[in-house]
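# Inside the fold
This is what each chain is made of:
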Amino acid sequence: MSREILDLFRRRYACHAFLRDRAIDRDDLDVVLEAGRLSPSSFGLEQWKFVVVTQPEEKAALQAACFNQPQVGDAPAVVVILAKTADLHPDTDYIKTLMAREYPGAALEPALANYRGFHANTEVKAWSITQCHIAAANMMTAATAIGLDSCAIGGFLPDRVKQILDIDAERYEIALILPLGYCAEPAPEKQRLPLSELVEYR
Ligand SMILES: Cc1cc2nc3c(=O)[nH]c(=O)nc-3n(C[C@H](O)[C@H](O)[C@H](O)COP(=O)(O)O)c2cc1C
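Residues numbered from 1 in each chain as written. Predicted model: local features only at pLDDT ≥ 70, side-chain atom pairs only at ≥ 80, totals over all residues. Heavy atoms only, no water.

## With respect to the state of the cysteines
Scanning the entire structure with this criterion turns up 1 disulfide. Across a sulfur-sulfur distance of 2.2 Å, C15 and C183 are joined as a disulfide pair. Taking the sign of the S-S torsion, 95° for the link of C15 and C183, the bridge is right-handed. A residue pair is termed long-range when its members are at least 10 positions apart, and C15 in the loop between helix 1 (4-11) and helix 2 (26-37) and C183 in the loop between strand 4 (172-181) and helix 9 (195-198) qualify at 168 residues. Residue C15 is classed as buried on the basis of its relative accessible area of 0%. Summary of cysteine pairing: C66 is not part of a disulfide, and the nearest cysteine sulfur, belonging to C151, is at 10.0 Å. (Disulfide = S-S within 2.5 Å. Helix = DSSP H or I, 4+ residues; strand = E, 2+ residues; numbered from the N terminus. Buried < 20%, exposed > 50% of the residue type's maximum accessible area, 1.4 Å probe, protein only.)

See below:
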């Protein structure tokens, strides 16, 4: 590995046209989902949930909810990443269980008190979505590593997506939509600002 990791980042690109008739092996899909599961998260709270959509009718409805972006309907699998919201309230069993795992023994009570203050002063939906974006980034890199293409989709109507997938709006927000498959187009040239413009050493 070592510096070869950079080749993965260079090879990944946002695919705008997927081969419609090339399915994804379940094992490959599981690799991508596992990369999401293993991602780091604030307080270790795993704010994500993954809904995998493969039915053509559901994908077509999602495409319409994504301003008709064709990659959503064409990709053989579309992972809708949900951001937990209600579960993150300090009084839930979810928080008690996951915080006890992260802060065992005597560390738990002060950690819960700290979390209560954090939660009260945080825009929870937005915070939860940022955690899901970390998982999404890892999932896209993992997809590249096993020869799959992807396209992060942030352009969607959240209420429509929740309605299509029958998502409990009290518990989840839509974080990101991630079509996966095999791209029908060649990779474009990478466009990035040089490090010299992005990095400041002090
Ligand atoms: C959070 C997020 C949301 C995005 N939303 C869309 C989208 O709705 N439609 C789309 O075609 N690309 C979307 N993209 C892809 C970006 O346009 C793309 O990553 C960027 O132009 C850089 O190109 P590259 O990924 O090919 O290197 C999104 C990317 C991110 C990270």
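## Digging into the sheet that holds strand 4
Taking strand neighbours across the sheet as the criterion, the 4 strands line up as 1-2-4-3 in an open arrangement whose pairing is antiparallel. Two strands lie at the open edges of the sheet, namely strand 1 (48-53) and strand 3 (149-150), each paired on one side alone. Pairing of strand 3 with strand 4 involves 2 bridges; the strand directions are antiparallel. Bridge pairing in strand 4 links S150 to L180. Most of the contacts of helix 7 (residues 124-145) go to strand 4, to which it runs at about 10°, and overall it touches strand 1, strand 2 (77-84), strand 3 and strand 4. (Pairing = 2+ DSSP bridges. Contact = heavy atoms within 4.5 Å. Axes fitted to C-alpha atoms, helices over the stretch in contact; angles between N-to-C directions.)

## A closer look at helix 3 (residues 56-65)
When we look at burial in helix 3, the residues that qualify are K59, L62, Q63 and A65. Angularly, the buried residues of helix 3 cover 160° about the axis, an arc narrow enough to put them on a single face. With respect to the buried face of helix 3, the exposed residues turned more than 90 degrees away are P56 and E57. Residues of helix 3 that are buried make contact with strand 1, helix 4 (70-74), strand 2 and helix 8 (158-165). F67 lies just past helix 3 and shows a positive phi near 55°. (Arc of directions from axis to C-beta.)

## A look at a nonpolar patch on the surface
The grouping of L193, L195, L198, V199 and Y201 at the surface amounts to a nonpolar patch, some 600 Å² of accessible area in total. Mapped onto the elements, L193 comes out in the loop between strand 4 and helix 9. (Patch = residues over 30% accessible without salt bridge, like charges linked within 9 Å, V, L, I, M, F, W, Y side chains within 5 Å. Areas by Shrake-Rupley, 256 points an atom, 1.4 Å probe, with all protein chains shown as cover. Salt bridge = Lys/Arg side-chain N within 4 Å of Asp/Glu carboxyl O.)

## Some thoughts on the side chain of S150
Here S150 lies in strand 3. Residue classification places S150 among the buried positions, given a relative accessible area of 1%. Among residues more than four places away in sequence, those in contact with S150 are R12, Y13, A14, C15, F18, M140, L178, P179 and L180.

## Focus on unusual backbone geometry
Here the phi dihedral of E46 falls at roughly 40°; this positive angle occurs in a residue that is not glycine. By the secondary structure assignment, E46 is in the loop between helix 2 and strand 1. Taking relative accessible area as the criterion, E46 reaches 24% and is therefore assigned partly exposed. Despite not being glycine, N68 shows a phi value in the positive range, around 60°. The residue N68 is located in the loop between helix 3 and helix 4 in this model.

## Here's the deal with the packing of helix 1 against helix 7
With their axes 9 Å apart at the nearest point, helix 1 and helix 7 run at an angle of 100° to one another. Between helix 1 and helix 7, the crossing angle belongs to the class labelled roughly perpendicular. Touching L8, F9 and R11 of helix 1 are T141, T144 and A145, all from helix 7. Grouping the amino acids of the contact of helix 1 with helix 7 by side-chain chemistry returns 3 nonpolar, 2 polar and 1 charged. (Parallel < 35°, antiparallel > 145°, perpendicular 65-115°, else oblique. Nonpolar A, V, L, I, M, F, W, Y, C, P; charged D, E, K, R; others polar.)

## Digging into the packing of aromatic side chains
A complete count under the given rule lists 6 aromatic pairs for this structure. Taken together, a centroid distance of 6.4 Å and an interplanar angle of 50° make the contact between Y115 and W127 tilted. Taken together, the positions of Y115 in helix 6 (residues 108-120) and W127 in helix 7 put the pair 12 residues apart, joining distant regions of the chain. Take Y115: its relative accessible area is 0%, and that puts it in the buried class. The exposure class of W127 is buried, given its relative accessible area of 10%. Ring centres of F118 and W127 lie 4.9 Å apart, and the angle between their planes is 70°; on these two criteria the pair is classed as edge-to-face. Aromatic rings pair up to connect F43, Y115, F118 and W127 into one cluster. Seen from the ring of Y182, R22 lies directly overhead, with NZ or CZ sitting 3.6 Å from the centre. (Phe/Tyr/Trp six-rings, centres within 6.5 Å; stacked < 30°, edge-to-face > 60°. Lys NZ or Arg CZ within 6 Å of the ring centre and 35° of its normal.)

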